[in-house]
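Each chain is listed here by its residues.
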Amino acid sequence: MTRRPGQHAGWLERMAESLGLIETLAPGDEPLPALAPGGELLRFPPREQWDDWVEYDAQTWPHRDSRHRMLVPTTCFNCEAACGLLAYVDKETLAVQRFEGNPLHPASRGRTCAKGPATINQVQDPDRILYPLRRKGPRGGGEWERVEWDEVLSALGGRIGRAFREGRGGEVVYHVGRPGHEGYMDRVLRAWGIDGHNSHTNVCSGAARMGYALWQKYDRPSPDYAHAKFILLISAHLESGHYFNPHAQRIMEGLQAGAGLAVLDPRLSNTASMATHWLPTRPGSEAAVLLAMARVILAEGLFDRGFVESWVNWREYLAFRGRPGGSFDDFVQALAAEYAEFTPGFAAAEAGVPPEHIVDVARRIGAAGSRFAAHTWRAAGSGNLGGWCVARALHLLSVLVGAVGTRGGTLPAGWNKFVPTFFDNPPPQKAWNELHYPPEWPLCHYEMSFVLPHLLREGRGRIDTYFTRVFNPVWTYPDGFSWIEMLMDESRIGCHVALTPTWNETAFFADWVLPMGHGPERHDLNSYETHDAVWIAFRQPVRREALRRLGRPVRFTWEANPGAVWEEDEFWIQLSWTLDADGSLGIRRHFESPVRAGEAVSVEEYYAALFEQVPGLPQAARAEGLDALEYMRRVGAFEVRGECLGQHLDPLPDAALQGARTEPDGRVFGADGSLRGVHVDGAARRGFPTPSGRLELYSATMVEWGWPEHAVPGYVKSHVHPDRIDSARGEFVLLPTFRLPNLIHSRSSNSKWLTEISHRNPVWLHTSDAARLGLRTDDLVRVETEIGHFVDKVWVTEAVRPGVVCCSHHIGRWRRASDPQGNRWAVNTVRLSRDGRRWRMSTVAGPQPADTADPDTRRLWWRDGGVHQNITHAVHPDPVSGMHCWHQKVRLVPAGPDDRYGDIVVDMDRSQAVFRDWLALTRGQRAPAGLRRPLWFNRPLRPADEAYRR
Ligand code: SF4
């Protein structure tokens, strides 16, 4: 039997043929026509074919149907790294067919993590929000009506314009979750003249940022992993760290070249499993371990004497310790004494790891010298009281071995980050918003956003219009019921506008839900310190770009996106234009086109002006016969600069030295009194942007602002230190901070591929603890926090140290039956109830199959959507950094007969009491008179210096 011409084999036949179980039924099938001339196998379609890439359609196999695609670059929006994506846009239907990596992106180099290609699920999500919505009925009631964008602009423009005219600009707030937009929103808010920026940073990286900033003002590390000899990571960077995919590539390159890798993590992460040294330290002990390593490096003479002598403010330190004018040897002696208590034995006892492992890692760091690369971000810093000490202690190691700004070392992030120039620059605002920067935390590194409900409850202010941008505090933040209470209270928040691509627990309590595009549906500029280079990438709406190339341009992005999904760039321009219709507020002029007088700037004009100012980009574009914007539209990314090492050594230019004076300590001040640099090794050099011009081992700022015990890097016992945990009572440290590599906070639930892999978050429990408590995998356990409890299943494992339990923070999404059906792959349907000051959540049903436009929703096979743990956490604002200290002291109790999986109970009186307890730890009252914050400390949306003064 053979097949007739045109008759195609079914899959069973083809499999049987390929296994040789049956004869090939169609020996006469026509040979496959080549789509391209023969040549070498390529990893990516050649760029010259991106406008018309021809490939077979896998969906119609065995028919050999060729399809014409246009490959349009954009960037991924599923984490901060902004890896390059290529959208495969079908030229006939204009549907985006899939996403792959953009090989021309300097950081990601064509590779992505699982979340990059899964963007297609989010674009095709059958439950996505397609049109602007306005609530009907009471806020939180779950009823919505579709509106047009004109109505949105007119209503919000009128409201905000009124607030500005009435002098209530301080009541308008923009709260960002997923960041991006290099400088875009700062420009908008400055044009509005308000101190209205709020961010999620203090539930994320505020502590790490503060630790780094105290040393060098630059608040992020930029490790050169690929050239390192030894790498030290605090937490799971290879599998899920910040700049996950770009960093992981380069860590692997370092390892392949022979580098060692040490990981401090109480959990056996995939990263720890790849390490040459895994130190499963007790949560909160990390700074003690790092200081013990510093002690070994000092004691064994492994430090870089020349670097430390030249670039550390050791003379100030000696003066502080009562030895002004002492020699460098005096300093070395004093520093050894400073850290004498941090013996390997002491650190080992704190951390619960062998002392010889600490010594071994310290010696390897010393041997690596200037090629020692290190990184910490959330992890320990975000978990513990005093977590900011971890980054400070880690950077001490880099400083001691001279690995700052070196090849294979760790660079200040600012050296690897591009700062754009805009077509118009409004002046900094003169206001200071104490709802974001309350006086109790003058040193907090970012806004105190997670205590906002408590501040409002205390009557410290009111918000007229509150924008949340790709931000879900009800679910992501601790103490989510406080957020629900705040959002439900119209006397505290007059109007809540949720700008979001997807439904989320915070959007349920909005007045307006405005659909903003996913990564391939919006414009944005990206630049991140992923490695030793400076690069930019262009996030662009790919269907809009495809239409343009086909000669069918649109005016606004929502005309090209699915439904009427818009993007923020154009939304803010149009809103600003509307709210100052007659120009009397002085806002409109900042949004006027630079080339079309009297008209609003277009997004093309905005980026064209910006890209023309990028060093080297116009030249690279012209070499291809393009302008800078066209180059970015077609390539998607540009490397602005390669190696950026050693910038502190740069000699000061002659212009900076005109009229300058040099102090005895080497600091060079310009004629205007500003610090220009520092005289080191026979030349006036750029140095570091700190008050001393050097790396600040000793921080006069900490002393002057009420924390003299933190004059130098130190160790603070965590709020979950073993002294405070009674294991005999069933108490544990709960680690809620770790990431899963394929999920992303509250957004990945819109991806069926990602959610199918991970959709439950059991409590990780060590085998020995499980035996002690008589618990087995899948047993129900009640996890009691300070303010309530949640009921979860147990996963018994060896992959966590005893005494510590872990629970992933990505899972446990919910909706009430009255809420829209967003994120159906991961969402539990729950019942919320309140009894006085007690909230209760119970799960009615897990994810369920359903008939939608996507047949996979019918195939949804899992019913377990996990448990929302964060809502049972109290706020823990660190008194210095302001960071929320995520780790929880919890008690594990086998579930009782009335406990059901997913049950949650929270007592709001306890929530308030815990906030007050932590507030009492602050020392804002000791700040120098007349100042809100050290002038040299940066801030997002930095106001004019005069606003720093009371
Ligand atoms: S690391 Fe993954 S999620 Fe993050 S930008 Fe890259 S591809 Fe997207």
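What you see is a predicted model; the values in this text were computed from it and never measured. (Residues numbered from 1 in each chain as written. Predicted model: local features only at pLDDT ≥ 70, side-chain atom pairs only at ≥ 80, totals over all residues. Heavy atoms only, no water.)

Concerning the overall build of the protein chain
Within the protein chain, the regular secondary structure consists of 30 helices and 34 strands. Here the protein chain has a C-alpha radius of gyration of 28 Å; the compact-globule value for 950 residues is 30 Å, and the two agree. Its C-alpha atoms give the protein chain principal-axis dimensions of about 95 × 70 × 65 Å. When burial is assessed residue by residue, the protein chain has 64% of its 950 residues classed as buried. Surface accessibility of the protein chain: about 33,600 Å² in total, with carbon and sulfur atoms responsible for 51%. Across the protein chain, 109 positive and 114 negative side-chain charges occur, with their mean positions spaced 2 Å apart. (Helix = DSSP H or I, 4+ residues; strand = E, 2+ residues; numbered from the N terminus. Rg over C-alpha atoms; globule rule 2.2 N^0.38 Å. Buried < 20%, exposed > 50% of the residue type's maximum accessible area, 1.4 Å probe, protein only. Areas by Shrake-Rupley, 256 points an atom, 1.4 Å probe, with all protein chains shown as cover. Lys, Arg positive; Asp, Glu negative; His and termini not counted. Charge placed at Lys NZ, Arg CZ, Asp CG, Glu CD.)

Side note on the packing of aromatic side chains
A complete count under the given rule lists 44 aromatic pairs for this structure. Between Trp314 and Phe328, the aromatic rings sit 5.3 Å apart at their centres with planes inclined by 75°, giving edge-to-face as the arrangement. Taken together, the positions of Trp314 in helix 11 (residues 314–320) and Phe328 in helix 12 (residues 328–338) put the pair 14 residues apart, joining distant regions of the chain. Since its relative accessible area comes to 2%, Trp314 is described here as buried. Judged by its relative accessible area of 3%, Phe328 falls in the buried class. We note Arg98 situated over the ring of Tyr88; from NZ or CZ to the ring centre the distance is 3.8 Å. Here the basic side chain of Arg187 rests over the ring of Phe591, its NZ or CZ set 5.0 Å away from the ring centre. (Phe/Tyr/Trp six-rings, centres within 6.5 Å; stacked < 30°, edge-to-face > 60°. Lys NZ or Arg CZ within 6 Å of the ring centre and 35° of its normal.)

Focus: the site of the ligand
Taken together, the neighbourhood of the ligand is formed by Cys76, Asn78, Cys79, Ala81, Ala82, Cys83, Thr112, Cys113, Lys115, Gly116 and Asn245. Each residue belonging to the shell around the ligand can be placed in one class, and the counts come to six nonpolar, four polar and one charged. (Near = heavy atom within 4 Å. Nonpolar A, V, L, I, M, F, W, Y, C, P; charged D, E, K, R; others polar.)

So, the pattern of salt bridges
A side chain of one charge can pair with a side chain of the opposite charge if their charged atoms are brought near each other. Under the definition given, this model contains 81 salt bridges. The salt bridge involving Glu253 is made with Arg109; its shortest N-O contact spans 2.6 Å. Of this pair, Glu253 sits in helix 7 (residues 244–256) while Arg109 is found in the loop between strand 4 (96–101) and helix 2 (119–124), placing the two residues 144 residues apart along the sequence. You can call Glu253 partly exposed: its relative accessible area is 28%. One salt bridge connects Asp672 with Arg676, and the closest N-O pair in it is separated by 3.1 Å. A relative accessible area of 56% places Asp672 in the exposed class. (Salt bridge = Lys/Arg side-chain N within 4 Å of Asp/Glu carboxyl O.)

Remarks on the nonpolar core
Counting 221 residues, the largest nonpolar core has Trp192, Leu232, Met293, Phe571, Trp572 and Phe611 as its most contacted members. Tallying contributions element by element places helix 9 (residues 286–299) first for this core, with 11 residues. Beyond its immediate sequence surroundings of up to four residues, Trp572 is in contact with Tyr174, Tyr184, Met185, Val188, Trp192, Phe467, Leu499 and Phe591. (Core = buried A, V, L, I, M, F, W, Y, C linked by side-chain atoms within 4.5 Å. Contact = heavy atoms within 4.5 Å.)

A word on the pairing of strand 26 (residues 763–766)
Neither face of strand 26 is exposed, since Val763 and Leu765 on one face and Trp764 and His766 on the opposite face are all buried. Across four bridges, the pairing between strand 26 and strand 28 (residues 788–797) is parallel. In the strand pairing of strand 28, Leu765 is matched with Val796. (Pairing = 2+ DSSP bridges.)

Comments concerning unusual backbone geometry
Along the chain, Trp61 connects to Pro62 via a cis peptide bond; the corresponding omega equals 15°. Take Pro62: it is sitting in the loop between strand 1 (53–56) and strand 2 (66–75). Of note in this structure, Ala82 is not a glycine but carries a positive phi near 55°.

Concerning the sheet that holds strand 19 (residues 534–539)
Read from one edge of the open sheet, three strands run 18-19-20, paired in antiparallel fashion. Pairing within the sheet leaves two strands with one partner each, and these edge strands are strand 18 (524–526) and strand 20 (637–641). Looking at each pair of strands side by side, their axes are set apart by 20° on average, direction ignored. As judged from the three bridges shared by strand 18 and strand 19, these two strands associate in the antiparallel manner. Bridged to Asp524 within strand 19 is Arg539. (Axes fitted to C-alpha atoms, helices over the stretch in contact; angles between N-to-C directions.)

Let's talk about the sheet that holds strand 8 (residues 197–199)
Taken together, seven strands build an open sheet; the order of strands is 6-5-17-16-15-7-8 and the sheet is mixed. Sheet topology places strand 6 (143–146) and strand 8 at the edges, where each strand pairs with a single neighbour. Strand after strand, the sheet turns through a mean of 25° between neighbouring axes, direction not considered. In this structure, strand 15 (residues 463–469) lies alongside strand 16 (residues 493–500), joined through six bridges in parallel fashion. Within strand 16, the residue paired with Phe467 across the bridge is Val497. Along the sheet, helix 21 (residues 568–579) contacts strand 7 (172–176), strand 15, strand 16 and strand 17 (512–515); its crossing angle with strand 15, the most-contacted strand, is approximately 160°.

Looking at helix 20 (residues 542–549)
Owing to its 3.6 residues per turn, the α-helix brings residues three or four apart onto one side. Most of helix 20 sits out of view: six of its eight residues are buried. Turning to helix 20, its buried residues number three or more, namely Val542, Arg544, Glu545, Ala546, Leu547 and Arg549. Considering only its buried residues, helix 20 is in contact with strand 2, strand 3 (84–90), strand 4, helix 21, helix 22 (603–612) and helix 24 (628–635). Directly beyond the C-terminal end of helix 20, a positive phi value near 80° is found at Gly551.

What about helix 4 (residues 184–192)?
Within helix 4, seven of the nine residues are buried, which leaves it mostly tucked inside the rest of the structure. By the burial criterion, the buried members of helix 4 are Tyr184, Met185, Arg187, Val188, Leu189, Ala191 and Trp192. On the buried face of helix 4, the contacting elements are helix 3 (149–165), strand 7, strand 8, helix 21 and helix 22. At the exit of helix 4 stands Gly193, carrying a positive phi of roughly 75°.

Re the packing of helix 20 against helix 24
As a packed pair, helix 20 and helix 24 sit with axes 11 Å apart at the nearest point and diverge in direction by 120°. In this structure, the crossing between helix 20 and helix 24 has a hand that is left-handed. Facing helix 20, whose interface residues are Glu545, Arg548 and Arg549, helix 24 presents Glu630, Arg633 and Arg634. Residues of the contact of helix 20 with helix 24, tallied by class, amount to no nonpolar, no polar and six charged. (Left-handed = near helix turned anticlockwise from the far one by under 90°.)

Observations concerning the side chain of Arg816
Within the secondary structure, Arg816 is located in strand 30 (residues 814–816). Separated by 2.7 Å, the side chains of Arg816 and Asp819 make a polar contact. Not counting residues within four places of it along the chain, the set of residues in contact with Arg816 comprises Gly140, Phe508, Phe509, Thr829, Val830 and Leu832. (Polar contact = N/O pair within 3.5 Å; in protein donor to acceptor, adjacent residues only side chain to side chain.)

Let's talk about the packing of helix 22 against helix 24
At a closest axis distance of 8 Å, the pairing of helix 22 and helix 24 adopts a crossing angle of 100°. Taken as axis vectors, helix 22 and helix 24 run roughly perpendicular relative to one another. For the pair formed by helix 22 and helix 24, the contact residues are Glu604, Tyr607, Ala608, Phe611 and Glu612 on the first element and Ala628, Leu629, Met632 and Arg633 on the second. Grouping the amino acids of the contact of helix 22 with helix 24 by side-chain chemistry returns six nonpolar, no polar and three charged. (Parallel < 35°, antiparallel > 145°, perpendicular 65-115°, else oblique.)

The analysis is restricted to geometry; functional conclusions fall outside its scope.
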